[in-house]
Amino acid sequence: MSEKQPSRPNLIFMMPDQLRADFLGCYGAEFLKTPNIDRLAQKGVRYSRAYSCHPVCVPARAALLTGMNALRNGVMDNGQWLRPNLADSGVHTWPELLSNGGYYTARVGKMHFYPWYITHGFQYRSAAEDKRWIKVRDEYYHHLRAHGERKYHGNEHDGYHENKGAIINRLPWELSTDHFVGEEACRFIRTYGNDGPYAMMVGFPGPHCPYDPNAEWLDRIDPDAMPDAIPENPVNASQLRQSNIEGNKGAWNGVDYTEFTDAQKRKIRTHYAASVEQIDYEVGQILEALEEAGQLENTIIIFASDHGDYLGDHNLIGKGTFYEASIHVPMIVNVPGADGGVVNDQLVQLTDVMATLLAFGGVALPGYIDSQPLPGLGLDSESSHGHLYGIVTGGWMVFDGRWKLCKYATGEQHLFDLQEDPTEQHNRLQDPAVADIRLELDTLLTQEIMRSASLAFEERRVYTGNSMWNDDVFGREAWVRAYPQPLE
């Protein structure tokens, strides 16, 4: 650990799993209370148009770690992960880069790495992995064992199937996973926080399904206050819905959403809201620990999520497409001493957190990354995105802030005007009045996919341009190919 350098800020990145923006008070929700997350927004910068361009747990995290989009880093679904020898080609994660820059780096909570215990540059670890991975023997597993308890699958709870995954947690709140993560983050702050500077990622497993708040938190939520789900438009989705149904039937979840009533959607939303309030409480505890330790005025906090959750919107559950419920995420940055209560309307993406952390830490940004520092924070090289590009195994997207073009592996394509149609009910793909817009977006998307596909193979490059054609060494039998080629 490096010696204390008071002039360098501590960095904390908080990331709940599967938290959509419109279930926070600071993003307009009036049916739940999130005073601690709202406090971050009141004293910081809130990005109104922040998106997760790879809206599945693992791809979102791989892009966040590397600063490279999903096609370039090779992780486009939950069954893939980064190459074990990634550093051999010069690609380093932001924890690695901050560690090399003198920060003590810590991971607390859910990371969703394969294997779960890999460091990826984090020097300190206290893990509480996905609620679905009940066999992972992480620190939370041992915490439960010490209290005579264990992890439970959702289907071990009453009402799991009939309520479509909306349950009351069998474990008491004191042993719940999000509370464990909050407590462990506070323990790190109190134990190591004054050795500084440090960079800590806090990954809350909630409010990801199963929708399993504790009863005392569920009692705080009024089901009648829940906003209705956005209806499904049969013209917009058919195969996507069937794919969503089949995917959730897998053993990891085991819930059949073929029948999905308004009452079931409302119940899920109520449980989800209760889980959000539980996480908000833990955020408050972390802020209190920082204040008590005298670190709050020297700590930059970033709050965001890996993706959202449909919660019944478009008759879907979970995430994975480019509907707003799946990709529109919260993004809040709290910088001590800076103007607070600022709302920034520029297009930003989750991957930008990587460059932002490095910039705040005084670490040079790698030239190969797609990530860029978030705008409006006074950082060098900050800029907004003219377009956002989404990439997962099942689909591609380009979004200019108003028009969103989506292409899916099912063959379905959508073109939505978010300005006139914020709930994405009217697919304009075949509308001749906007054919020029569709063509322009389609061209940009094709160009970006081509660019990313080419760069995804850069470590396999033998030479650039025509540099080898007249090289004496290359022509001799002793020449050895350099592999992998380091990215610049």
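A brief report on the enclosed structure follows. (Residues numbered from 1 in each chain as written. Predicted model: local features only at pLDDT ≥ 70, side-chain atom pairs only at ≥ 80, totals over all residues. Heavy atoms only, no water.)

Observations regarding the overall build of the chain
Rules: In this description a helix means any DSSP run of H or I spanning at least four residues, a strand means any run of E spanning at least two, and both kinds are numbered starting from the N terminus. The globule rule is 2.2 Å times the number of residues to the power 0.38, and the radius of gyration it is compared with is taken over C-alpha atoms. Only protein chains enter the accessibility calculation, which uses a 1.4 Å probe. A residue is then buried if its area is under 20% of the maximum for its type, exposed if over 50%, and partly exposed in between. Working rule for contacts: check all heavy atoms of both residues, and any pair within 4.5 Å makes them a contact. Per-residue and other accessible areas were derived by the Shrake-Rupley procedure at a 1.4 Å probe size, with only the shown protein chains allowed to occlude residues. This count recognises Lys and Arg as positive and Asp and Glu as negative, with His and chain-terminal groups excluded. By convention, charge coordinates are those of NZ in Lys, CZ in Arg, CG in Asp, or CD in Glu.
Across its full length, the chain holds 12 helices and 14 strands. A compact globule built from 488 residues should have a C-alpha radius of gyration of about 23 Å, and the chain, at 23 Å, falls within 12% of that. A buried classification covers 59% of the 488 residues belonging to the chain. Across the chain, contacts joining residues at least 24 apart in sequence account for 70% of those joining residues at least 6 apart. Carbon together with sulfur atoms contributes 49% to the accessible area of the chain, which is approximately 19,700 Å² in total. With 43 positive and 66 negative side-chain charges, the chain shows a spacing of 4 Å between the two charge centroids.

Side note on the layout of surface pockets
The cut-off we apply is this: With a 1 Å grid spanning the protein atoms alone, the term cavity applies to any set of points in which a 1.4 Å probe fits but cannot get out, the term pocket to an open set with protein on both sides within 12 Å along at least five of seven lines, and the term lining residue to any residue with an atom within 4 Å of a point. Grid points are joined across faces, edges and corners, and a volume is the space filled by probe spheres set on the points. Under the scheme applied here, ten amino acids are nonpolar (Ala, Val, Leu, Ile, Met, Phe, Trp, Tyr, Cys and Pro), four are charged (Asp, Glu, Lys and Arg), and all others, including Gly, are polar.
Considered as a void within the structure, the largest pocket measures approximately 890 Å³ in volume. Along its surface, the largest pocket is lined by 37 residues, and Val56, Asn78, Gly247, Lys319 and Gly320 are the ones closest to its centre. Of the residues forming the lining of the largest pocket, the biggest block, five residues, is contributed by helix α8 (residues 239-248). Taken together, the residues that form the lining of the largest pocket break down as 16 nonpolar, 17 polar and four charged. Approximately 340 Å³ is the volume found for the second largest pocket. Lining the second largest pocket are 19 residues, with Asp22, Glu324, His328, Leu418 and Pro422 positioned closest to its centre. Tallied by class, residues from the lining of the second largest pocket come to eight nonpolar, five polar and six charged.

Regarding the packing of aromatic side chains
To keep it simple, the criterion reads: Centre distance within 6.5 Å is the pairing criterion for rings of Phe, Tyr and Trp, where only the six-membered ring of Trp is used; planes under 30 degrees apart are then read as stacked, over 60 as edge-to-face, and the remainder as tilted. Only when the NZ atom of a Lys or the CZ atom of an Arg is both within 6 Å of the ring centre and within 35 degrees of the ring normal do we say a charge sits over the ring.
Under the counting rule described, the total for this entry stands at 24 aromatic pairs. Between Phe474 and Trp479 the ring centres are 4.9 Å apart and the planes differ by 75°, which places this aromatic pair in the edge-to-face class. A relative accessible area of 35% means that Phe474 is categorised as partly exposed. Using a relative accessible area of 29% as the deciding quantity, one classes Trp479 as partly exposed. Each residue in the set Tyr104, Tyr124, Phe188, Tyr192 and Tyr198 is aromatic and connected to the rest through ring pairs, giving one cluster. Taking NZ or CZ as reference, Arg220 lies 4.1 Å from the ring centre of Trp217, over its face. Looking at Lys404, its charged tip hangs above the ring of Phe399, at a distance of 5.5 Å from the centre.

What about empty space enclosed by the protein?
Following the criterion strictly, the structure yields three cavities of 30 Å³ or more and no others. Around the largest cavity, the lining is made up of 15 residues, and of these Lys131, Tyr140, Tyr152, Leu171 and Asp212 lie nearest the centre. Classifying every residue of the lining of the largest cavity gives five nonpolar, five polar and five charged. In this structure, the second largest cavity spans a volume of roughly 80 Å³. As for the second largest cavity, its lining consists of Lys131, Asn169, Ser176, Thr177, Asp178, Gly206, Asp212, Pro213, Asn214, Ser275 and Gln278. Elements that contribute at least two residues to the lining of the second largest cavity include exactly α6 (177-192) and α9 (262-292).

As for helix α12 (residues 435-455)
Put simply, the test is: Any helix carries an expected span of 1.5 Å times its number of residues minus one. Each direction from the helix axis to a C-beta atom contributes to the arc, which is the arc of those directions.
With 21 residues, α12 should reach 30 Å at 1.5 Å per residue; the first-to-last C-alpha distance of 30 Å fits that figure. Regarding α12, the residues found buried are Leu441, Asp442, Leu445, Glu448, Ile449 and Ser452. Taken around the axis of α12, the buried residues stretch over an arc of 130°, which confines them to a single face. Turned more than 90 degrees away from the buried face of α12 sit Asp436, Leu439 and Met450, all of them exposed.

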